[in-house]
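Letter by letter, the chains look like this.
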Amino acid sequence: MFLHVPRIKGKNVCVTGGAGFIGSHLTDRLLAAGAAKVVIVDNFFLGKMENIQPALDHYDNVVVYRDDARNFGVMQAVMEKENIQVVFNLATIALNYSFFNPFDAYMVNVEIMNTLLELLKLGAYDTLIHSSSSEAYGTAQYSPMDENHPMHPTTPYAAGKAAADLMALSFYNVLNLDIAIIRPFNNYGPRQNDQQLAAIIPLTARRIFHGEKPVIEGTGEQTRDFIYVEDTARAFIMAYENEKTRGRVINLGSGTEISMNRLVQVISEYYHYPGGIDYREARKADVQRLCASAKLARELIGFEPEFTLESGLKRTLDWYQEKNRHDG
């Protein structure tokens, strides 16, 4: 079916959501790996120019479109003008947006996938590597959670991710399109949004720096499996460069889980914060337990995380400390 091993070196690549947290790290990795051109399409809902400024400063083969990846005409024009061969789809809206605008939190994932699949079917580009989310599984029915775990999304964001995944797999099955789906568990690292709709690690770092109590929603006994963002970016490229990933869903995670109580305690100790925690009402539809089986990623593409939670958190918390000092 596929007659050669693909290589990212020399390819013209589009990263939707490329100015965001994971997308900007993937952009850095693609450039370092020798991509001929990296084209970023981002509406800057959460993406920031400062995330991609290092890439723009050091490389002359980065192109930025401030546009929405849902828009078929925009994406068709980008594919044609930039001669795109590979798309890494990381564009989405944060999970927490589900509680503010549930319809858009769902539809953005479906509409982007619809556009990208139609363009792939038309031959506008060659390969789609799509970023899913562990939220598509919902709370663990068994642990660790492998790719055969039932999908039971509990938020509109998660439902949109699950729907987009099913769309992609169905197009692969019917049309034999060149598609792989990567399903990361909870990413963390430098550049993760720490303002509105922030995740727990950057939010806790910011609140402690500003003399506020860390916030935990619910009991704090809910668990997550964290994976450092540079490991995720590396895995995306590994997945593209291995034809065995096509038509598959592949988990990315550490295989260990940590409770939110313990996580906030670790962050508090790192920053020498002696105060208490602001416990708030649990989020509706919150997932209670996530822990990945990354066995398939190990067997299929040889992926092993290079960062432990301890080493990744050190890098992350040092980065946020410097950022908060700079921001005031």
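A. Summary view of the sheet that holds strand β5 (residues 127-131). With parallel pairing, seven strands are arranged side by side in an open sheet as β3-β2-β1-β4-β5-β6-β11. Of all the strands in the sheet, just β3 (62-65) and β11 (249-252) have a single pairing partner and so form its edges. Across the sheet, the mean angle from the axis of one strand to that of its neighbour is 20°, orientation sign disregarded. Across the sheet, helix α3 (residues 72-82) is in contact with β1 (12-16), β2 (37-41), β3 and β4 (86-89); its angle to β2 comes to roughly 165°.

B. Quick look at the pattern of salt bridges. According to the stated counting rule, one finds 22 salt bridges in the structure shown. We note a salt bridge from Lys 81 to Glu 82, for which the minimum N-O separation is 3.8 Å. Since its relative accessible area comes to 62%, Lys 81 is described here as exposed. One salt bridge connects Asp 286 with Arg 224, and the closest N-O pair in it is separated by 3.0 Å. Here Asp 286, found in the loop between β13 (278-280) and α9 (295-301), pairs with Arg 224, found in strand β9 (residues 223-224); they are 62 residues apart in sequence, far enough to count as distant. Neither Asp 286 nor Arg 224 differs from the other in exposure class; each is buried. Through salt bridges with shared partners, one network takes in Glu 217, Arg 224, Arg 283 and Asp 286.

C. The environment of Gln 85, seen in detail. Counting through the fold element by element, Gln 85 comes out in the loop between α3 and β4. Sequence separation of Gln 85 and Gly 123 is 38 residues, and the distance between their C-alpha atoms is 9.6 Å. Residues within four places of Gln 85 in sequence aside, it is in contact with Gly 10, Lys 11, Asn 12, Tyr 125, Asp 126 and Thr 127.

D. Highlighting helix α4 (residues 102-121). With 20 residues, α4 extends 29 Å from end C-alpha to end C-alpha; this agrees with the ideal 28 Å at 1.5 Å per step. Along α4, the largest kink reaches about 25° and is centred on Val 108. Regarding α4, the residues found buried are Ala 105, Met 107, Val 108, Asn 109, Val 110, Ile 112, Met 113, Thr 115, Leu 116, Leu 117, Leu 119 and Leu 120. Where α4 is buried, its residues contact α3, β4, β5, α5 (156-175) and β6 (178-184). Just downstream of α4 lies Gly 123, where phi reads positive at about 80°.

E. Structural view of the side chain of Arg 207. Topologically, Arg 207 is positioned in helix α6 (residues 200-209). Of the residues examined, Arg 207 reaches a relative accessible area of 15% and is grouped as buried. The contacts of Arg 207, once residues within four sequence positions are left out, are Glu 212, Lys 213, Pro 214, Val 215 and Arg 280.

F. Fine view of the pairing of β2. Counted residue by residue, β2 has five buried out of five residues, so it is predominantly covered. Burial along β2 is two-sided: the residues Lys 37, Val 39 and Val 41 and Val 38 and Ile 40 are all buried. Crossover connection from β1 via helix α1 (residues 21-32) to parallel β2: handedness right-handed. By the bridge criterion, four bridges tie β2 to β3 in an arrangement that is parallel. Paired with Val 38 across the bridge in β3 is Val 62. The handedness of the β2 to β3 crossover, carried by helix α2 (residues 49-58), is right-handed.

What counts, and at which threshold
In this numbering scheme, every chain counts its residues from 1 along its sequence in written order. Residues qualify for local features only when their pLDDT is at least 70, as the model is predicted, and side-chain atom pairs are given and counted only at 80 or more; totals for whole chains, interfaces and linings, by contrast, use all residues. As a rule here, side-chain values come from all non-hydrogen atoms in the structure, and water together with hydrogens is ignored. For two strands to be treated as a pair, DSSP must find at least two bridges joining them. Going along the chain from the N terminus, every DSSP run of H or I of four or more residues is numbered as a helix, and every run of E of two or more is numbered as a strand. Axes here refer to lines fitted to C-alpha atoms; in helices the fit is confined to the stretch in contact. Angles between the N-to-C directions go from 0 to 180 degrees. In what follows, a contact means two residues having at least one pair of non-hydrogen atoms within 4.5 Å. A side-chain nitrogen of Lys or Arg and a carboxyl oxygen of Asp or Glu constitute a salt bridge if their distance falls within 4 Å. Burial classes: relative accessible area under 20% of the type maximum marks a residue as buried, over 50% as exposed, and values in between as partly exposed (1.4 Å probe, protein chains only). Multiplying 1.5 Å by the helix residue count minus one yields the expected span of that helix. A residue's bend is given by the angle between axes fitted to the 7 residues ending at it and the 7 residues starting at it. Throughout, right-handed denotes a crossover for which the path from the first strand over the helix to the second runs clockwise when the strands point away from the viewer.

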